[in-house]
Amino acid sequence: MRVLLVEDDAALSLGVTRALEREGWQVDCLGDGRQAMAPGLINLYELAVLDLGLPGADGMTVLRAWRSAGAKQPVLLLTARDELSDRVAGLNAGADDYLVKPFDLPELIARLRALKRRAEGRVSETLSVGDLRMDLSHRELSYLGEAVYLSPREFALTEMLMQRVGRVVSKDAIVARLSSWEADFSENSVEVYVHRLRKRLGELGLAIRTVRGFGYVLECCAQPCVPSEPGDGPA
């Protein structure tokens, strides 16, 4: 997928670009709103991430120009403002989603995937393993109809494991997905998150099995399977 990122914060732009490139997406960056309004430019991309506070022309002006020119690409707005009026104005101007700074990269990536699915006509997509259900469009997790609350990184890790249930998810893949622009997500951090998630999912009838030297596998248990400490060792 080819993505246009319009963001004037150089550090943030670099961090987002690296994260999206880890997903295998091609990213082009601009830091000026006027450049983003060049005729036909938006049509070169499948999706756009657009900051509201831009030099040259603000993000709302850019968005209106794109929509007035007939652009149908999904657009996710980034802003430091969390006022309801700003969110409403952005959505009314043609935005498809809205993310307030500071944000976690796993959430940004998840939202972009959801926008891509909607653009392809897949409005709702769910993952189910045992009695655990994940709604990818709404970013919701539930067990027997009851909401399960996880941090953005825990949710992203659970999504990876559920997508490949019964198959190994490598530690390298987890590191790439959960890294942020502040610092790379280390292998030790992976073990911490797996340890934490193993206990949480064990209460819901799921087990995260370590395949030493390779990674982790999500499996169903016949009953709640709270792990013993020896099973939490490194992959």
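Heads up: these notes are all about the structure in this document.

Conventions adopted
Position labels on residues start from 1 in each chain and follow its written sequence. Per-residue local features are limited, in this predicted model, to residues with pLDDT of at least 70; the limit for side-chain atom pairs, both in listing and counting, is 80 or more; totals at the level of whole chains, interfaces and linings are taken over all residues. Only hydrogens and water are set aside; all other atoms, that is, all heavy atoms of the structure, feed into the side-chain values. Two strands pair under a simple rule: DSSP has to find at least two bridges between them. Helix and strand definitions follow DSSP, with helices as H or I runs of at least four residues and strands as E runs of at least two, each counted in order from the N terminus. Any two residues whose heavy atoms approach within 4.5 Å are treated as being in contact. For every element, the axis is a line fit to its C-alpha atoms; helices are fit only across the contacting stretch, and the angle between N-to-C directions ranges from 0 to 180 degrees. Any Lys or Arg side-chain nitrogen found within 4 Å of a carboxyl oxygen on Asp or Glu counts as a salt bridge. Burial classes follow relative accessibility: with a 1.4 Å probe on protein chains only, a residue under 20% of its type's maximum area counts as buried, one over 50% as exposed, and anything between as partly exposed. Note on angle classes: values under 35 degrees are labelled roughly parallel, values over 145 roughly antiparallel, values of 65 to 115 roughly perpendicular, and the remainder oblique. Polar here means any residue outside two lists: the nonpolar Ala, Val, Leu, Ile, Met, Phe, Trp, Tyr, Cys and Pro, and the charged Asp, Glu, Lys and Arg; Gly therefore counts as polar.

## A few points about the sheet that holds strand β6 (residues 126-129)
Strand order in the open sheet made by the four strands is β6-β7-β8-β9, with antiparallel pairing throughout. Across the chains shown, the open sheet's two edge strands, defined by having one partner strand only, are β6 and β9 (146-147). Across two bridges, the pairing between strand β8 (residues 140-143) and β9 is antiparallel. In the strand pairing of β9, Tyr 143 is matched with Glu 146. Strands β6, β7 (132-135) and β8 of the sheet are contacted by helix α6 (residues 152-163), whose axis makes an angle of about 110° with β7.

## Some words on the pattern of salt bridges
By the definition in use, this model includes twelve salt bridges. With a closest N to O distance of 3.2 Å, Lys 101 and Asp 51 form a salt bridge. With Lys 101 in the loop between β5 (97-100) and α5 (105-119) and Asp 51 in strand β3 (residues 47-51), the pair connects residues that are 50 residues apart, well separated along the chain. You can call Lys 101 partly exposed: its relative accessible area is 21%. Across the pair Glu 191 and Lys 171 runs a salt bridge, and its minimum N-O distance is 2.9 Å.

## Points about the packing of helix α7 (residues 171-178) against helix α8 (residues 187-202)
Across the interface, α7 lies against α8 with an axial gap of 10 Å and an inter-helix angle of 95°. What the angle tells us is that α7 and α8 run roughly perpendicular. Seen from α7, the contacting residues are Lys 171, Asp 172, Ile 174 and Val 175; seen from α8, they are Glu 187, Val 190 and Glu 191. Among the residues making up the contact of α7 with α8, the classes are represented as three nonpolar, no polar and four charged.

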